[in-house]
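Okay, here's what each chain looks like letter by letter:
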Amino acid sequence: MRYLILTYYQKANGQIDEVMAVARSLKTRDHQTANVILDFQTLTVLKCSMNGVQVPRDFNRIVEYYHQHYESTISRLFKENGYEIVKQEAEVQSQPADPS
């Protein structure tokens, strides 16, 4: 898998639901409906908006936030794309995996 896709839906009662998905490739629907799209192969933020407001596209900062909630999924995405997670002073940073 390559992409982490997060979509937020607001219910009629005002409550917000979060839907998380991983994908090998992106569909047109993902670009249209998703709020956050992270590419774990190139370590880039393809889309990041909350309630129509653009959020700074800092990959490490966004991954650090979502890592708290989706630790196993994000760890798997890094591993599948050839990276390992290195924790330094409560920060999550990605580095290429050692090929040996």
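Since the structure is predicted, the reported quantities are computational estimates derived from the model, not experimental observations. (Residues numbered from 1 in each chain as written. Predicted model: local features only at pLDDT ≥ 70, side-chain atom pairs only at ≥ 80, totals over all residues. Heavy atoms only, no water.)

Caption draft 1: Structural detail: the overall build of the protein. Each helix and strand counted, the protein has three helices and seven strands in total. Ordered by position in the sequence, the α and β elements of the protein form the string β-β-α-β-β-β-α-α-β-β. Among the 100 residues that make up the protein, the fraction classed as buried is 33%. Partitioning the contacts of the protein with sequence separation of at least 6, the portion at a separation of at least 24 is 39%. With the model as given, the accessible surface of the protein reaches about 6500 Å², and the carbon-plus-sulfur share is 47%. (Helix = DSSP H or I, 4+ residues; strand = E, 2+ residues; numbered from the N terminus. Buried < 20%, exposed > 50% of the residue type's maximum accessible area, 1.4 Å probe, protein only. Contact = heavy atoms within 4.5 Å. Areas by Shrake-Rupley, 256 points an atom, 1.4 Å probe, with all protein chains shown as cover.)

Caption draft 2: The arrangement of the pattern of salt bridges in detail. Scanning the model with the defined rule gives three salt bridges in all. Where Lys 11 meets Asp 17, a salt bridge forms, and the shortest distance between an N and an O atom there is 3.5 Å. Residue classification places Lys 11 among the partly exposed residues on the basis of a relative accessible area of 39%. (Salt bridge = Lys/Arg side-chain N within 4 Å of Asp/Glu carboxyl O.)

Caption draft 3: Local environment of the nonpolar core. Counting 16 residues, the largest nonpolar core has Leu 38, Phe 40 and Ile 74 as its most contacted members. Those elements that provide at least two residues to this core are β1 (3-10), β3 (36-39), β4 (44-50), α2 (59-67) and α3 (71-80). By residue number, the principal contributor to this core is α2, which donates four residues. The next biggest cluster of nonpolar side chains, apart from the first, holds five residues, and it includes Tyr 3, Ile 5, Ala 23 and Ala 34. (Core = buried A, V, L, I, M, F, W, Y, C linked by side-chain atoms within 4.5 Å.)

Caption draft 4: Structural view of α2. Among the residues of α2, Phe 59, Ile 62, Val 63, Tyr 66 and His 67 are the ones counted as buried. Buried residues of α2 fall within an arc of 135° about the axis and therefore sit on the same side. (Arc of directions from axis to C-beta.)

Caption draft 5: Expanded view of unusual backbone geometry. Here Leu 43, not a glycine, exhibits a phi torsion of approximately 55°, which is positive. Along the chain, the position of Leu 43 falls in the loop between β3 and β4.

Caption draft 6: Representation of the layout of surface pockets within the structure. Taken as a whole, the largest pocket spans an internal volume of roughly 230 Å³. Around the largest pocket, the lining residues are Ile 5, Thr 7, Tyr 9, Val 19, Ala 21, Val 22, Ala 23, Ser 25, Lys 27, Arg 29, Asp 30 and Thr 33. Going through the elements one at a time, β1, β2 (16-23) and α1 (28-33) are the ones with two or more residues in the lining of the largest pocket. Among the elements that take part in the lining of the largest pocket, β2 stands out by supplying four residues, more than any other. Broken down by class, the residue content of the lining of the largest pocket amounts to six nonpolar, three polar and three charged. Taken as a whole, the second largest pocket encloses approximately 160 Å³ of empty space. What lines the second largest pocket is simply Val 36, Cys 48, Met 50, Val 55, Pro 56, Arg 61, Ile 62, Tyr 65 and Tyr 66. (1 Å grid on protein atoms, 1.4 Å probe; cavity = no way out; pocket = protein on both sides within 12 Å on 5 of 7 lines; lining within 4 Å. Points joined across faces, edges and corners; volume = space filled by probe spheres on them. Nonpolar A, V, L, I, M, F, W, Y, C, P; charged D, E, K, R; others polar.)

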